[in-house]
Amino acid sequence: MTYADIIVDISHEKLDKSFQYLVPEKLKEEIQVGMVVSIPFGRGNHVRKGYVVGISDEPKVKGIQLKSVVGIENDQETTESRLIALAGWMKENYGSTMIQALKTVLPIQKKMKAQEKRWITLLISREDGEKLLEELSMTRFKARIRLLEALLQNENGKIETAWASKELGTTASVLRYFEEQGIASVESDEVYRNAVADAENIPHVAPAVLSISQQMAVDQILSEWEHPDPRPVLLHGVTGSGKTEVYMELIDKVIKEGGQAIVLIPEIALTYQTVRRFYGRFGDKVSVINSRLSQGERYDQFKRAKQGELQVMVGPRSALFTPFGRLRLIIIDEEHESSYKSENSPRYHARETAIHRAKLEGARVILGSATPSMEAYYRAKEGEYVLVKLEARFEERPLPRVSIIDMREQLKKGNRLALSLELREDLSQCLKKGEQAMLFLNRRGYAGFVSCRSCGHVMKCPHCDVSLSEHNGRKLICHYCGYETVKPDKCPVCSSPYIGGFKAGTQQIQQVVEKEFPEARVLRMDYDTTRAKGSYEKILAAFSRHEADILIGTQMIVKGHDFPDVTLVGILAADLSLNADDYRSGERTFQLLTQAVGRAGRGKKEGHALIQTYSPDHYSIQTAAKQDYEEFYQEEMGYRLLMDYPPAAHMMAVLGSSEDEKLLETAMHYLGLFTGKIYAGKDLHVIGPAPASVGKVKDVYRRVLYLKHENYDLLVRIKDRLEEYIEINSGFRKVNIQFDFS
């Protein structure tokens, strides 16, 4: 027997339950997850539409009579059905419940009341209106006179009710008189909330004339699109090479063919400039989705998308699930960014999920970056993706000049400030010329590693190629294997007492800058200054208008922004991300530094960037200074191959959490034993369990088990077996287990 789990008419019912139905013999070979089916539902067995979310050979509850699926509605494939099929794929590949996957791809929101705009429309002729105005002028009804005058003065004989009330003092009784006398009517239109800030002031921009290299990139991509099953394209362009113009040219082609496009960006901070550029080119065919929008704004954007009133949706990760019915292109800008990976179950990656959605929709995928992820570049090298390069900046502008500042030497010179002597001198010159500067504080990974300020030595795990993290009680712990030691009082290499963690923040940097340069106008952009809605836009707009000379911030200021007057970029504490307890730390550092350096000299003036570091010889810093991705990739790939880290192999993290520490340790221990026993001899590497990077949050303990293998499908099968093992063992009922693939 075959059984189908079905969600009933998702647009109307709550996503809290699926119902199991019997699949008739005649439909067994045809029925699939994601299909739209007809089913009897409720006491009256009314035939309703449903969506198949699962298929099995066993009934959930034995001994009860199940209703049967009536039929498959092949002619009613919908956007929802394809998104449900995507949810099914996410459940299988990332490990979650179907409900969690469905809530991710179909974010059901409370229906919001539509906004209305009310209009007063003149019904009589102008000639009759003039006569009536003359008659009214002999009366004391001044409000009626003002309203009629306004209607006659308006070319269309139509004015907004709200304006009439505020400016003319029009009351309900005045409107009632005009309606009763047949002079005017009051009508209302549904008005969508516009999520694009200041949309009415964004000027239209004509299509740019592409450079030779940009046109070659477009032609190469279009050539791939001619194939029946086009591969994803990795557009690798140096910072400032004009990738966005290439995106817009491709989107324009898709729109002209009647299709729709999704543009993913990694940060809300990027939406200001990105959306303005797309809106200027495509007008109100463009909208935006992000977490800072109100419920009403989000509801309206999804409604407009579903009704086909939008052609382009811009936004971070969640925009991937925009309910477009004619989706033909998905662009993932800055595809290397870690924010494309979900931290909640299902722990999906937008890159792989976008590629799968594109297969379901018949769409194409473009991945763009100046610093591609190791995984994407590896697949491009292997031929799984098409590699398209933009190797020069737009209009052949030079890449910025880069200086590496050894902060160990600064300490020897008696400079204990976060700003090197060279950076202070360059800032002074920049301000004298009336140019702008950006100071980037690399806080990624700052929360735990311990280093020596005299020689730069970092305390690392002797068993793993990651730094040790500092915990309470002077403990240094490796979050990959559990190795533990005591924090030394002196550096084990040079015996310096200056050993500890990095404590400077953006606020302290701002204080130093304002003290050193009291004449400078300084803006700060970090978590604290961007909490309020619209704060990103206000800060970036002010800096763009030259209302500030120096912008200080964390990584949100160095991703994709384009300020032509910025000629100087200072990178403070480049080592922080380099020494994070993560095998990707070298990659993250190279990406951050290259992106930061790339903010300088994007206009017609030459740019200069200074990288302040305690590890000036590290290959990530050297290659970032040279803007040489290929050299970095070769060096980093050597380490990944040696250690069997992605993309040389695949890795699955089994994440456990519980309020009971001993129960959690026992549970994770048995998961490790079970895995090792069943898959012994299959070259499977089992590491841990060890404390998670943050071992305890809100009294909930966290542990992690790592599994590495070259075959991704094997890891998925292991995930399935572990889920079965957890399901039948009652000891796991007080332990939460999640799976994370990389």
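These numbers come from a predicted model, not from an experiment.

**As for the overall build of the protein**
Helix and strand content of the protein: 22 helices and 30 strands. Compactness check: the protein gives a C-alpha radius of gyration of 30 Å against a globular reference of 27 Å for 742 residues, within 12% of the reference. Taking all 742 residues of the protein together, 55% fall into the buried category. Long-range pairs, those at least 24 residues apart, make up 74% of the contacts in the protein with a sequence separation of at least 6. Per element, the accessible surface of the protein, about 34400 Å² overall, is 48% carbon and sulfur. Charged side chains of the protein number 101 positive and 102 negative; the gap between the two group centres comes to 4 Å.

**Section: the confidence of the model for the protein**
Regions with low pLDDT carry predicted coordinates that are not meant to be interpreted in detail. Counting all residues, the mean pLDDT for the protein is 84, and 91% of those residues have values of 70 or more. No element of the protein has a lower mean pLDDT than strand β19 (residues 469-471), at 71, and none a higher one than strand β14 (residues 364-369), at 96.

**Quick look at the sheet that holds strand β24 (residues 550-553)**
Taken together, the six strands give an open sheet; going across it, the order is β16-β26-β25-β17-β24-β23, and neighbouring strands pair in parallel fashion. Looking at the sheet topology across the chains shown, the edges are occupied by β16 (401-406) and β23 (522-525). Adjacent strand axes in the sheet meet at a mean angle of 15 degrees, parallel and antiparallel pairs treated alike. One ladder, built from four bridges, connects β23 with β24; its direction is parallel. For Arg 524, the partnering residue across the bridge sits in β24 and is Ile 552. The strands touched by helix α18 (residues 585-597) within the sheet are β16, β17 (436-441), β25 (566-572) and β26 (608-613), with β25 carrying the most contacts at an inclination of about 155 degrees. Packing against the sheet, helix α19 (residues 619-626) makes contact with β16 and β26, and its axis sits at approximately 155 degrees to β16.

**Overview of unusual backbone geometry**
With an omega of 5 degrees, the peptide bond running from Pro 646 to Pro 647 counts as cis. In this model, Gly 688 is joined to Pro 689 through a cis peptide bond whose omega is 5 degrees. Here Pro 689 is to be found in strand β28 (residues 685-697). The phi angle at Ser 495 is positive, at roughly 65 degrees, despite the residue not being glycine. Structurally, the position occupied by Ser 495 is in the loop between β21 (484-486) and β22 (499-500). The exposure class assigned to Ser 495 is partly exposed, which follows from its relative accessible area of 48%.

**Focus on the nonpolar core**
In terms of nonpolar packing, the biggest core is built from 104 residues, with Ile 571, Ile 611, Met 652, Val 654, Leu 671, Ile 718 and Ile 737 touching the most fellow members. Those residues in contact with Ile 737, other than ones at most four positions away along the chain, are Val 654, Leu 655, Gly 656, Met 668, Leu 671, Ile 726 and Phe 732. Judged by nonpolar contacts, the second largest core, of 32 residues, contains Phe 278, Val 288, Val 314 and Ile 366.

**Remarks on the environment of Asn 290**
Considering the arrangement of structural elements, one finds Asn 290 in the loop between β11 (286-288) and α10 (295-306). Judged by its relative accessible area of 6%, Asn 290 falls in the buried class. The spatial distance from the C-alpha of Asn 290 to the C-alpha of Glu 267 is 9.2 Å, given a sequence separation of 23 residues.

**As for helix α4 (residues 142-153)**
Three or four residues apart is the spacing at which side chains of an α-helix point the same way, because the helix has 3.6 residues per turn. The terminal C-alpha atoms of α4 lie 16 Å apart, and with 12 residues this matches the ideal 16 Å at 1.5 Å per residue to within 8%. Those residues of α4 not exposed but buried are Ala 143, Arg 144, Ile 145, Leu 147, Leu 148, Ala 150, Leu 151 and Leu 152.

**Section: the environment of Gly 695**
Looking at where Gly 695 falls in the secondary structure, it is placed in strand β28. Discounting residues that sit within four places of it in the chain, Gly 695 has contacts with Val 700, Tyr 701, Arg 702 and Arg 703.

**Quick word on the packing of α19 against helix α20 (residues 629-643)**
At their nearest, the axes of α19 and α20 sit 9 Å apart, and the two run at 160 degrees to each other. The orientation of α19 with respect to α20, classified from their angle, is roughly antiparallel. The handedness of the crossing between α19 and α20 is left-handed. Contacts between α19 and α20 pair Tyr 619, Ser 620, Thr 623 and Lys 626 from the former with Glu 631, Phe 632, Glu 635, Glu 636 and Tyr 639 from the latter. For the contact of α19 with α20, a count of residues per class yields three nonpolar, two polar and four charged.

**Describing the sheet that holds strand β3 (residues 36-41)**
Read from one edge of the open sheet, five strands run β2-β1-β4-β3-β5, paired in antiparallel fashion. Both edges of this open sheet fall to β2 (19-22) and β5 (71-72), since each of them pairs with a single strand only. Docked against the sheet, helix α1 (residues 79-94) engages β3 and β4 (46-56), running at close to 20 degrees with respect to β4.

Procedures and definitions
Residues numbered from 1 in each chain as written. Predicted model: local features only at pLDDT ≥ 70, side-chain atom pairs only at ≥ 80, totals over all residues. Heavy atoms only, no water. Helix = DSSP H or I, 4+ residues; strand = E, 2+ residues; numbered from the N terminus. Rg over C-alpha atoms; globule rule 2.2 N^0.38 Å. Buried < 20%, exposed > 50% of the residue type's maximum accessible area, 1.4 Å probe, protein only. Contact = heavy atoms within 4.5 Å. Areas by Shrake-Rupley, 256 points an atom, 1.4 Å probe, with all protein chains shown as cover. Lys, Arg positive; Asp, Glu negative; His and termini not counted. Charge placed at Lys NZ, Arg CZ, Asp CG, Glu CD. pLDDT = per-residue confidence, 0-100. Pairing = 2+ DSSP bridges. Axes fitted to C-alpha atoms, helices over the stretch in contact; angles between N-to-C directions. Core = buried A, V, L, I, M, F, W, Y, C linked by side-chain atoms within 4.5 Å. Expected span 1.5 Å × (residues − 1). Parallel < 35°, antiparallel > 145°, perpendicular 65-115°, else oblique. Left-handed = near helix turned anticlockwise from the far one by under 90°. Nonpolar A, V, L, I, M, F, W, Y, C, P; charged D, E, K, R; others polar.

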